[in-house]
Amino acid sequence: MPDPQPPTAAKARIIHAAMMAGVTLFAVITVATRNSRPAPTLSSTALLYGPFVLGAICFSIALLLSGKLPQLGTGTPENDWWRANQGRAIGIWALLEGPGLFGFVVPVARGS
């Protein structure tokens, strides 16, 4: 069985674009269908401030983790850098984009 191709910057960009497109598509569908459903009546302070707190926590964790990634220009080829760090980079991207999904779910759950 042949070895799988090493991850490259192009593949990482495609993964990142897919993650961003997923968040954007979810937001568009949520906004477009917001008025077609009966609004639930959840009115909790935790639901109001939860997305902000979750976003701040995830952003802080992503900032700390991104500081531990080696710089790309440290003498290693780009493919080798992505092979070694792609999983960590995708985890950081998920930490930054995950609260975006939560930020669209909460207003729908609150009916606002």
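The text that follows walks through the structure, step by step, so that each part is easy to find. Each chain carries its own residue numbering, running from 1 in the written order of its sequence. A pLDDT threshold of at least 70 governs which residues receive local features in this predicted model, and a stricter bar of 80 or more applies before side-chain atom pairs are shown or counted, although totals over entire chains, interfaces and linings include all residues. With hydrogens and water set aside, each side-chain value is computed from the structure's full complement of heavy atoms.

What about the overall build of the protein?
- Here a helix means four or more residues in a row that DSSP labels H or I, a strand means two or more in a row labelled E, and each is numbered from the N terminus. What the protein contains, in helices and strands, is three helices and zero strands.
- The helix and strand sequence of the protein, counted from the amino end, reads α-α-α.
- Burial status follows relative accessibility: with a 1.4 Å probe on protein chains alone, a residue under 20% of its type maximum counts as buried, one over 50% as exposed, and anything between as partly exposed. Taking all 112 residues of the protein together, the buried fraction comes to 20%.
- Intrachain contacts of the protein at a sequence separation of at least 6 include 84% that bridge at least 24 residues. Only heavy atoms matter for contacts: two residues are in contact if any of them lie within 4.5 Å across the pair.

Digging into the packing of aromatic side chains
- Only the six-membered ring of Trp is used, alongside the rings of Phe and Tyr, when aromatic pairs are assigned; centres must lie within 6.5 Å, and planes under 30 degrees apart are stacked while those over 60 apart are edge-to-face, with the rest tilted. On inspection of all chains with the given rule, the structure shows two aromatic pairs.
- Measuring from ring centre to ring centre gives 4.9 Å for W81 and W82, while their planes differ by 85°; the resulting arrangement is edge-to-face. As far as the burial class goes, W81 and W82 line up, both buried.
- Note on W82 and W93: the rings are 6.1 Å apart at their centroids and 45° apart in plane angle, and the pair reads as tilted.
- Judged by its relative accessible area of 11%, W82 falls in the buried class.
- What makes W93 buried here is its relative accessible area of 17%.
- Three or more aromatic residues joined by ring pairs make a cluster, and in this case those are W81, W82 and W93.

Remarks on the side chain of E97
- Inspection of the secondary structure assignment puts E97 in helix α3 (residues 78-110).
- No salt bridge forms around the buried E97; measuring N to O, its nearest opposite-charge neighbour R13 is 13 Å away.
- Sequence-distant contacts of E97, that is, excluding residues within four places in its chain, are made with H16, M19, M20 and V23. Lys and Arg are tallied as positive, Asp and Glu as negative. Neither His nor the chain termini are counted. Salt bridge, as used here: a side-chain nitrogen of Lys or Arg that lies within 4 Å of a carboxyl oxygen of Asp or Glu.

Topic: the nonpolar core
- The term nonpolar core refers to a set of buried residues drawn from Ala, Val, Leu, Ile, Met, Phe, Trp, Tyr and Cys, joined through side-chain atoms within 4.5 Å. Counting residues in hydrophobic clusters, the biggest one holds seven residues: A9, A12, M19, W81, W82, A89 and W93.
- Elements with a contribution of two residues or more to this core: α1 (9-32) and α3.
- Sort the elements by how many residues they give to this core and α3 lands first, with four residues.

Considering helix α2 (residues 45-67)
- Here α2 contains 23 residues, and its C-alpha end-to-end distance of 33 Å stays within 8% of the 33 Å for a straight helix at 1.5 Å per residue.
- All buried positions along α2 are accounted for by G50, P51, C58 and A62. A helix's residues, less one, multiplied by 1.5 Å, set its expected span.

That is the geometry; function is a separate question.
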